[in-house]
Amino acid sequence: MPGIWLSLGSNIDRSRHIHSALKVLGEEFGPLIVSPVYESEAVGFDGDAFYNLIVGIESDQPAESLMAGFRVIEVDHGRARGSEKFSSRTLDIDLLTYGDCTLKQGKLELPRDEILRYAFVLLPLSDVAGDEVHPLTGKCYRDLWEAFDRKKEQLLWRVSID
């Protein structure tokens with residue numbers, strides 16, 4: 001089964017939605033690999049700060065089926081999808097990688113370009129999968145984080161939500 005990395009984020013009732021999503025994902029996929037949680041300012045809009053983390057799962061479900069299931073979990077947590085890409089949300093679950101698969105088909109892009117663009121994705125991914133290699137760059141996530149342009153003003157800090 002391919003190793004799969006997900007990005008989770010929330011800026012509305014953050015702790016409750018993150019804890020609940022982890023419970024649901026654990027029930028569906030078994031043991032999870034969970035990164036530290038980072039708090040970060042909203043990127044692309046004015047809004048409350050987000051909690052962000054990375055979750056690793058294993059599954060033999062096709063990527064499209066996984067994405068559909070993640071959308072159901074988001075809706076079950078009160079996620080309302082609108083026309084605005086950058087907005088507050090109760091829960092966001094993004095499929096970042098699916099093994100070493102590379103794909104761009106409709107809304108499905110693997111690996112997601114957010115890995116290389118946002119500190120709140122790359123830093124926690126480097127925490128839990130530092131030695132794994134990005135399927136397109138051929139560089140490990142730890143090295144990608146060390147080379148990341150931290151001048152992009154993507155402030156984030158580690159938090160505990162236990």
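Everything that follows concerns the structure shown earlier in this document.
Here we summarise the structure given alongside this text.

The rules behind these values
Residues numbered from 1 in each chain as written. Predicted model: local features only at pLDDT ≥ 70, side-chain atom pairs only at ≥ 80, totals over all residues. Heavy atoms only, no water. Helix = DSSP H or I, 4+ residues; strand = E, 2+ residues; numbered from the N terminus. Rg over C-alpha atoms; globule rule 2.2 N^0.38 Å. Buried < 20%, exposed > 50% of the residue type's maximum accessible area, 1.4 Å probe, protein only. Contact = heavy atoms within 4.5 Å. Areas by Shrake-Rupley, 256 points an atom, 1.4 Å probe, with all protein chains shown as cover. Pairing = 2+ DSSP bridges. Salt bridge = Lys/Arg side-chain N within 4 Å of Asp/Glu carboxyl O. Core = buried A, V, L, I, M, F, W, Y, C linked by side-chain atoms within 4.5 Å. Phe/Tyr/Trp six-rings, centres within 6.5 Å; stacked < 30°, edge-to-face > 60°. Lys NZ or Arg CZ within 6 Å of the ring centre and 35° of its normal.

1. Here we look at the overall build of the protein
Along the protein, the regular secondary structure elements total 5 helices and 8 strands. Listed by position from the N terminus, the elements making up the protein come as β-α-β-β-β-α-β-β-β-α-α-α-β. A compact globule built from 162 residues should have a C-alpha radius of gyration of about 15 Å, and the protein, at 15 Å, falls within 12% of that. Principal-axis analysis of the C-alpha atoms gives the protein an extent of 40 × 35 × 35 Å. Across the 162 residues of the protein, 47% fall into the buried class. Within the protein, residue pairs in contact and separated by at least 24 positions form 64% of the contacts whose partners lie at least 6 positions apart. Surface exposure of the protein reaches about 8,500 Å², of which carbon and sulfur atoms provide 49%.

2. With respect to the pairing of strand β3 (residues 37–40)
Taking every second residue as pointing to the same face, both faces of β3 are buried, with V37 and E39 on one and Y38 and S40 on the other. Direction of pairing for β3 relative to strand β8 (residues 156–159): antiparallel, over a ladder of 4 bridges. If you follow S40 over to β8, its bridge partner there is L156. Of the pairings in the sheet, the one linking β3 to strand β4 (residues 50–58) comprises 3 bridges and is antiparallel in character. Pairing of Y38 across the sheet is with N52, part of β4.

3. Observations concerning the pattern of salt bridges
This structure, assessed with the given rule, holds 11 salt bridges. Linking R79 and E74 is a salt bridge whose minimum nitrogen-to-oxygen distance equals 3.5 Å. For the pair shown, R79 and E74 are each scored as buried. In this structure, the salt-bridge partner of R79 is D92, at a minimum N-O distance of 3.0 Å. With R79 in the loop between α2 (63–76) and β5 (92–98) and D92 in strand β5, this pair connects stretches of sequence that are 13 residues apart.

4. Focus: helix α4 (residues 119–129)
With 9 of its 11 residues buried, α4 lies for the most part within the structure. Those residues of α4 that fall on the buried side of the exposure criterion are A119, F120, V121, L122, L123, P124, L125, S126 and A129.

5. Quick word on the environment of R150
Looking at the element boundaries, R150 is found in the loop between α5 (141–147) and β8. Judged by its relative accessible area of 49%, R150 falls in the partly exposed class. Remark: the alpha-carbon pair of R150 and A119, spanning 31 residues in sequence, is separated by 7.8 Å.

6. A word on the nonpolar core
Counting residues in each nonpolar core, the largest one holds 25 residues, and the members touching the most others are L6, L8, I18, L25, V55, F70 and L95. Of all the elements in the fold, those that place two or more residues in this core are β1 (3–10), α1 (14–29), β4, α2, β5 and β7 (108–110). Setting aside chain neighbours within four positions, we find I18 in contact with L8, G9, S10, Y51, L53, L91 and I161. In this structure, I54, I115, A119 and L122 belong to the second largest nonpolar core, which totals 17 residues.

7. Here we look at the packing of aromatic side chains
Under the counting rule described, the total for this entry stands at 3 aromatic pairs. Summarising the aromatic geometry, the rings of Y118 and F120 are spaced 5.0 Å apart at their centres and angled 15° between planes, so their arrangement reads as stacked. Take Y118 and F120: they sit in the same class, and that class is buried. When the ring of W145 is compared with that of F148, the centres are 5.4 Å apart and the planes differ by 20°; the resulting orientation is stacked. Geometry around Y51 places R14 over its ring, the cationic atom sitting 3.8 Å from the centre.

The analysis is restricted to geometry; functional conclusions fall outside its scope.
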